[in-house]
Amino acid sequence: MSAYHIGEHEEATGRRKTITAVVIVGLALALPFMPAAQQQQLAFLLRSSVLRPFVSIQEGLAAVRLHAVSTEEFQARLDSMVSALTNQGTLAEENGRLRKLLDLSRRLGTAYLPASVLRAGTAGSESMFLLDVGSDHGLRVNAPVIGSGGLIGVVREVRASMSIGMDWTHPEFRASAMTMDGEIYGFVRAERGLFREGGRMLLDGIPFHNSLEPGMAIVTSGLGGVFPRGITVGIVDQLAAETAGWRRSYWLRPAVFPGSATHVLVAVGTMSERPTDLTEVMQDSTTQRAGPIAGSGDRDRLEGPGS
Amino acid sequence: MSKALRVSVVVVGLAVLHFLLHVGFGLGDVAPDLLTVALLVGVREVEVGWGAGIGFVLGLLEDAFAALAFGASTVAMTIVGIAGARTRDLFVGDSLVFLVSYLFVGKWLRDLVYWISVGEDIRQPFVESMLIGSGLAAAYATVVGVVAIAISGAWWETVR
């Protein structure tokens, strides 16, 4: 073969490689513009095939962790019994607190299922979580996800035995909220910080003639048809911004920090099959949070859902 | 073991380890970005078309868990795959300095393209996200990548 033909062959090969690379880049650029349903289908296909072993490992670890927590809880109860010999009043208080946490599931009845939370930990998955329940258990899209402390997020995608939810730190998360007395309404969303960890919960859209005091409990209002009324969202921390004569916004201390949520309750069935007002059910945890915080301003008193 | 096979084993091993640490153990940012390290190591041995393909596949796997911007990781990894493969023609280096620079710039470039791809509504401010956050992440991935390469021998003689 002549040098001319060798050069021509190499040029053709190089052109073919470049075209291949360009086509693949084109495919990659098309992915973000695919319909959301197809994106979810593709992601689900990968999660349930190649990546399934890794998800299973985390499920196994979560189960082990749960058993460890149970052991710690039994140990804590034993310790409490021992301490009761010297201080029965403390035991009664602690017993009551544990009973309130454990009773939440029972009080919510069959409309809410317990589920384990799994987090992917990869780039772009920061505000999402996997739940080990799905449509087989009666789960539907837009089902509220709550912990013993309050609102965590909402289900976005449901599969047979697994579902995906977004927590309140997601940029698209919104929840209509109100004060405990139902006098002042606004909506809750996440406000980005300089760093990913710096995101905070914001109560926005409060009419300018209304003002909220630090320590006031904020609950879901039931408007919007997604979240039932009365789920604890957070506690008013301080004024974030005010637009003269128009509106105010307030920073909230979240009732639940999503990263600490390992086990949650998720609503099943349709909206009409679920209770529309959880004020009575959640009242214990709401008042428990609002009370001491309002007085002391102690940030550390807020607890995660697993506590 | 031939070099091509050794590199393939290292790439697959790093990718598996990445998902094991991030997804299996749920370590999140505590674990380094071994997927990008795997990509950067692998594409040094292939042409641009293969580089784009490897980047596309690895990025798509990462996007399977993405709730914020599906496809952003795929775009970023594909472009880094092409750029990494092109370095074979542009840079002939086998020193430790080159390896460190290659891994650091590669990881930082991946984060930059990802930052651009996710869109204005989701991304964090440039200085905090790219100059501080990604700078640290790139340094972390570089250190772990150099150690992994030195152990596995998936690089040139001078690094081993």
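What counts and what doesn't
- Positions within a chain are numbered from 1, following the residues in the order the chain's sequence is written.
- Chain A is the first chain written and ligand 1 is the first ligand written, with later ones labelled in order.
- For this predicted model, a pLDDT threshold of at least 70 governs which residues receive local features, and a threshold of 80 or more governs which side-chain atom pairs are given and counted, while totals over whole chains, interfaces and linings are taken from all residues.
- As a rule here, side-chain values come from all non-hydrogen atoms in the structure, and water together with hydrogens is ignored.
- Note that domain bounds follow an automatic or database assignment of domains.
- It only takes one pair of heavy atoms within 4.5 Å for two residues to be counted as in contact.
- Buried area is a sum: the accessible area each of two parts loses on coming together, probed at 1.4 Å, counted once for each and added.
- For this analysis, a salt bridge means a side-chain nitrogen from Lys or Arg found within 4 Å of a carboxyl oxygen belonging to Asp or Glu.
- Counted as a polar contact is a pair of N or O atoms within 3.5 Å, where, for protein atoms, one must be capable of donating a hydrogen and the other of accepting one, and residues adjacent in sequence contribute only when both atoms are in side chains.
- Charged means Asp, Glu, Lys or Arg here, nonpolar means Ala, Val, Leu, Ile, Met, Phe, Trp, Tyr, Cys or Pro, and polar covers whatever is left, Gly included.
- Axis definition: a line fit to C-alpha positions, over the contact stretch in the case of helices; interaxial angles, taken between N-to-C directions, run 0 to 180 degrees.
- Think of it this way: any DSSP run of H or I at least four residues long counts as a helix, any run of E at least two long counts as a strand, and we number them from the N terminus.
- Orientation is classified from the angle alone, with under 35 degrees giving roughly parallel, over 145 giving roughly antiparallel, 65 to 115 giving roughly perpendicular, and any other angle giving oblique.
- Crossing handedness: left-handed means the near helix sits turned counterclockwise from the far one by under a right angle, and right-handed means the same turn made clockwise.
- By the convention used here, strands pair only if DSSP detects at least 2 bridges between them.

1. Points about the domain arrangement of chain A
Residue and element names in this part refer to chain A. The domain boundaries assigned to chain A delineate domain 1 (3–50) and domain 2 (111–299). With 4 residues of domain 1 at the contact, the number on the domain 2 side is 5 residues. Counting each side, the surface lost to burial between domain 1 and domain 2 is near 430 Å², with a carbon and sulfur contribution of 50%. Sorting the residues of domain 1 by area buried against domain 2 places Gln40, Phe44 and Arg47 first, and these three jointly supply 90% of that buried surface. There are 1 salt bridge connecting domain 1 and domain 2. Here glutamate 157 makes a salt bridge to arginine 47, at a shortest N to O gap of 3.3 Å. The interface formed by domain 1 and domain 2 contains 3 residue pairs in polar contact (both at pLDDT 80 or more). Classifying every residue of the side of domain 1 that touches domain 2 by side-chain character gives 1 nonpolar, 2 polar and 1 charged.

2. Section: the packing of helix H2 (residues 34–43) of chain B against helix H5 (residues 96–117) of chain B
Residue and element names in this part refer to chain B. Two elements in contact, H2 and H5, have axes whose closest approach is 10 Å; the angle formed by their N-to-C orientations is 120°. It follows that H2 is oblique to H5 by the angle criterion. The handedness of the crossing between H2 and H5 is right-handed. The segment H2 lies against H5, with Thr36, Val37, Leu40 and Val43 engaging Tyr102, Leu103, Gly106, Lys107 and Arg110.

3. Describing the sheet that holds strand S4 (residues 151–158) of chain A
Residue and element names in this part refer to chain A. If you walk around this closed barrel you meet the 6 strands as S1-S2-S5-S4-S3-S12, and the pairing is antiparallel. Neighbour-to-neighbour, the strand axes of the sheet open up by a mean angle of 40°, direction not taken into account. Pairing geometry for S4 and strand S5 (residues 163–167), over 5 bridges, is antiparallel. Across the sheet, the residue bridging to valine 155 is glycine 165, located in S5. Relative to the sheet, helix H2 (residues 36–47) contacts strand S2 (128–131), S4 and S5, its axis offset from that of S4 by approximately 95°.

4. Digging into the sheet that holds strand S10 (residues 232–243) of chain A
All names here are of chain A. Strand order around the closed barrel formed by 6 strands is S6-S7-S8-S11-S10-S9, with antiparallel pairing between neighbours. When the angles between neighbouring strand axes are averaged without regard to direction, this sheet yields 45°. Relative to strand S11 (residues 247–254), S10 runs antiparallel, the two sharing 8 bridges. Paired with glutamate 242 across the two strands is arginine 248, which belongs to S11.

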